[in-house]
Amino acid sequence: MPLRRPAVRFVAVATLTCLAWAQPAKAQSILRDAETEMLLADMAAPLITAAGLRPNDVRVVLINDDSINAFVAGGQIVYMHSGTLQAAKSANEVQGVIAHELGHITGGHVSLSGRGAQEATGITILSMVLGLAAMAAGAGEAGAGVLAAGQQAAMGKYLAFSRQQEASTDAAGTKYLIGAGITGKGYLNFFKTMQQMEYRYGITRKVEYMLSHPVSSERVAAISETLQAAPSWNKPLNQDWETRFKRVQAKLDGYLLPPQQALQKYPESDQTIEGHYARAYAYHRSGYPQKADAEAAALVKAKPEDPFFLEIMGQILLEGGKPQAALAPLRAATQGSRSNPLIATTFGHALIATEDKANLKEAEQVLRIAVARDDQNPFAWQQLGTVYDRTGDGARAALATAERAAMMGDDRTAAISAGYAMAGIPQNTPDWIRAQDISMTSRHALEDGKRKRR
Ligand SMILES: [Zn+2]
């Protein structure tokens, strides 16, 4: 369908434009993936509770960086490098890393919080869900997902904790693992691996973790004793987390490794779920749509109800220029994931990409849910704005532009668009009140900015 292809391209170009606008030299990108985010949230929840914090307040954010590192910034956000997940031997090891980072949060080692921290570190979580779409359309780096902008976005490289801080953080992390009833074997193993890697020649993955969190033999010895004495030491691993983790690892490999390397690691002879998963992405990225379709079909055949398998099937079809065929799997994936906002956004994108006006109503519904549930997704606002534009609702299209601009820190566009929206939306309705909020907030931010520059 030669007419439909440009629709996908248009979106990719739009993404590139805002990346170019918002991405300074040192930016790191943030990866948004529904399955990975849900797994990390589930794995972290018992640890967060054991740390005396609330799971809803703490986020684990995935950074697209193949070195091994994890760090805390902006109050209660744990940043996890994708390389850490790819290199870890188990979900349990990753939980050890999360427990340790929570110790830095409760220890107050990163005292900055909220907006102040974002300004100081330059880290903001802005997301383009687009991901693979942009990659398939040739937008290269934009496909990596999202951006965290700022001078010091590579925060983990600059943070270095003292030995004393590391010791107290170990004590805290140990306590949280034990409190959550989770074995500390992974925690210990991860640190031992880090230590070994430091001295090994020819490692392919950089270990930045050692720079930010110095690991010493004394440290390992100190935590070994406590962990081994705990009743949870011999507790078996949670098989649900471990199985899901293997899937996520394969997915990240397929998505992030050079396709040739991914195909070597997961050759055709590997007929496991992980093999199909990694190859589906690797083939898709390297431009073999039929092979990618076949791998996705194998996944859906193995688990017809799995929302993430339906998601990748739909995504490959959508990005291969077949939005109509993508609708059924993406609709099922949206329902199966109880309207996960990232999946719903892809579904909304597909509905719009059919260029069939009859699909706009459903697109509006799913995208409205997506933006209500995820406040870090400017791409969903962009799509919703397109729906309003095409249905002739200029005021709500302006509101969508205002939302997206406010999210990305473009106060000027936010203020102007919110003004347009207020003029066209009936007064005192929820959308009008929202437009007023954005208008006021962005105006204040602009005035503050002027004052600071003086
Ligand atoms: Zn540390």
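No experiment lies behind these values; they were computed from the predicted model shown. (Residues numbered from 1 in each chain as written. Predicted model: local features only at pLDDT ≥ 70, side-chain atom pairs only at ≥ 80, totals over all residues.)

### A word on the overall build of the protein
Within the protein, the secondary structure is distributed over 23 helices and 4 strands. Look at the contacts in the protein between residues 6 or more apart in sequence, and 65% of them connect residues 24 or more apart. (Helix = DSSP H or I, 4+ residues; strand = E, 2+ residues; numbered from the N terminus. Contact = placed C-beta atoms within 7 Å.)

### Here we look at the pairing of strand β4 (residues 77–81)
In terms of burial, β4 is largely enclosed, as 5 of its 5 residues are buried. Of the two faces of β4, both are covered, the one formed by Ile77, Tyr79 and His81 as well as the one formed by Val78 and Met80. Relative to β4, strand β2 (residues 59–64) runs parallel, the two sharing 5 bridges. Bridging across to β4, Leu62 finds its partner in Met80. (Buried ≥ 20, exposed ≤ 12 C-beta atoms within 10 Å, placed from the backbone. Pairing = 2+ DSSP bridges.)

### Describing the sheet that holds β4
Pairing in this open sheet of 4 strands is mixed, and the strands run β1-β2-β4-β3 from one edge to the other. Strand pairing shows two members of the sheet lacking a second neighbour, β1 (29–31) and β3 (70–73), which therefore form its edges. Shown here is a sheet whose adjacent strand axes are inclined to one another by a mean of 40°, direction ignored. Contacts from helix α4 (residues 91–106) reach β2, β3 and β4 within the one sheet, and its direction differs from that of β3 by about 30°. (Axes fitted to C-alpha atoms, helices over the stretch in contact; angles between N-to-C directions.)

### Remarks on unusual backbone geometry
In this structure, Ser339 takes a positive phi of about 55° despite not being glycine. Looking at the element boundaries, Ser339 is found in the loop between α17 (323–336) and α18 (341–353). The partly exposed category is assigned to Ser339, around which 16 C-beta atoms lie within 10 Å. For Asn428, which is not a glycine, the phi torsion comes out positive at approximately 65°. Residue position: Asn428 is located in the loop between α22 (411–424) and α23 (430–453).

### Quick look at helix α14 (residues 273–285)
Between its terminal C-alpha atoms α14 stretches 19 Å, which fits the 18 Å expected from 13 residues at 1.5 Å a residue. Of all the 13 residues making up α14, 11 are buried; the element is thus mostly covered by neighbouring parts of the structure. Buried within α14 are the following residues: Glu274, His276, Tyr277, Ala278, Arg279, Ala280, Tyr281, Ala282, Tyr283, His284 and Arg285. Of the residues trailing α14, Gly287 is marked for its positive phi of about 80°. (Expected span 1.5 Å × (residues − 1).)

### Regarding the nonpolar core
Leu47, Val78, Tyr79, Met80, Ile98, Ala280 and Ala402 are the most contacted members of the largest nonpolar core, which has 114 residues in total. The residues that make up this core include at least three from each of domain 1 (5–239) and domain 2 (393–454). (Core = buried A, V, L, I, M, F, W, Y, C linked by C-beta atoms within 7 Å. Domains from an automatic or database assignment.)

### Examining the confidence of the model for the protein
Mean pLDDT over the protein stands at 82; residues scoring 70 or higher make up 80%. When the criterion is pLDDT under 50, residues 1–27 qualifies, and its contacts beyond four places in sequence or with other chains add up to 49 contacts. Counting contacts from residues 112–158, a segment whose pLDDT is below 50, to residues more than four positions away or on other chains yields 141 contacts. (pLDDT = per-residue confidence, 0-100.)

### Focus: helix α19 (residues 360–373)
Between its terminal C-alpha atoms α19 stretches 20 Å, which fits the 20 Å expected from 14 residues at 1.5 Å a residue. Of the positions making up α19, those classed as buried are Ala363, Glu364, Val366, Leu367, Ala370 and Val371.

### Concerning the packing of α18 against α19
At a closest axis distance of 8 Å, the pairing of α18 and α19 adopts a crossing angle of 155°. Overall, the two elements α18 and α19 adopt an arrangement that is roughly antiparallel. For the element pair α18 and α19, the recorded crossing hand is left-handed. From α18, Pro341, Ala344, Thr345, Phe347, Gly348, Leu351 and Ile352 reach across to α19, where they touch Glu362, Ala363, Val366, Leu367, Ile369, Ala370 and Arg373. Among the residues making up the contact of α18 with α19, the classes are represented as 10 nonpolar, 2 polar and 2 charged. (Parallel < 35°, antiparallel > 145°, perpendicular 65-115°, else oblique. Left-handed = near helix turned anticlockwise from the far one by under 90°. Nonpolar A, V, L, I, M, F, W, Y, C, P; charged D, E, K, R; others polar.)

### Remarks on the packing of α17 against α18
α18 packs onto α17 with a crossing angle of 155° between their chain directions and a minimal axis gap of 9 Å. As far as their axial angle goes, α18 and α17 are roughly antiparallel. In this structure, α17 meets α18 at a crossing whose hand is left-handed. Between α17 and α18, the residues in contact are Pro323, Ala326, Leu327, Leu330, Arg331, Ala333 and Thr334 and Ile343, Ala344, Thr346, Phe347, Ala350, Leu351 and Ala353, respectively.

### Observations concerning the environment of Ala221
By the secondary structure assignment, Ala221 is in helix α11 (residues 217–229). Given 9 C-beta atoms within 10 Å, Ala221 falls into the exposed group. Placed 33 residues apart in sequence, Ala221 and Leu188 show a C-alpha to C-alpha distance of 9.3 Å.

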